[in-house]
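Examination of the molecular architecture
These are the residues of each chain, in order.
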Amino acid sequence: GTADVLYPSRLVDFKTSKRPWSQAKADVSIQASLYMALAKHVYDVEVKRMTFWNYARSKREWLPIHTVRTVKQIDAALLSAYEYGLQIEAGIFPATPVPEASFQKKRGWYCSPQYCGAWNICPSKYMNDDVDEKVVAVRSW
């Protein structure tokens, strides 16, 4: 993954959603932290600020959402990603397609073959939520 734009002091990523993003969503995004680590690793650019430009379809406007990370937060995200990789390799990664919905056992918009490149091999797509994944797959294509 890479951010859409890398400036010397800020990363920018463009997102679309039905409703506007909250500040909290940007602040807990592991994606922002990992992009910052990748910018340092690949380009040797130390960036700790990111702007998500969110196109909220319900409002029909672009909304900037700024977030900042510390080195400790970036390192924690790297450790989480590493631990996720170990869990996936061991076949024990838990099914939590959407952080906001994980306690309600709902699948997210990206937990479908349309948005997930690993759908065909994902053992976590079977969420015990009475949804036939084959029907979801047909509807999603």
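Residue positions are given per chain, counted from 1 along the sequence in the order it is written. Only residues with pLDDT of at least 70 are given local features in this predicted model, and only at 80 or more are side-chain atom pairs given and counted; all residues enter the totals for whole chains, interfaces and linings. Remark: hydrogens and water are excluded; side-chain values derive from all non-hydrogen atoms of the structure.

1. Considerations on the packing of helix α2 (residues 30-43) against helix α3 (residues 71-90)
Close contact between α2 and α3 brings their axes to 9 Å; oriented N to C, the two are set at 100°. In terms of their interaxial angle, α2 and α3 are classed as roughly perpendicular. In this structure, α2 uses I30, S33, L34, M36 and A37 to contact α3, whose residues at the interface are Q73, I74, A77, L78, S80, A81 and Y84. Helix axes are fitted to C-alpha atoms over the stretch in contact, other axes to C-alpha atoms as well, and angles between N-to-C directions run from 0 to 180 degrees. What counts as a helix is a DSSP run of H or I of at least four residues, what counts as a strand is a run of E of at least two, and both are numbered from the N terminus. Should an angle fall under 35 degrees it is taken as roughly parallel, and over 145 as roughly antiparallel, whereas 65 to 115 is taken as roughly perpendicular and any remaining angle as oblique. Contacts are assigned to residue pairs with any non-hydrogen atoms lying within 4.5 Å of each other.

2. Remarks on the pattern of salt bridges
By definition here, a salt bridge exists when the distance from a side-chain nitrogen of Lys or Arg to a carboxyl oxygen of Asp or Glu is within 4 Å. Overall, the coordinates contain four salt bridges when judged by the stated rule. We note a salt bridge from K40 to D44, for which the minimum N-O separation is 2.9 Å. Residue classification places D44 among the exposed positions, given a relative accessible area of 58%. For E61, the salt bridge identified is with K59, shortest N-O distance 4.0 Å. Each residue is placed in one exposure class: buried if its accessible area under a 1.4 Å probe, protein chains only, is under 20% of its type's maximum, exposed if it is over 50%, and partly exposed if it falls in between.

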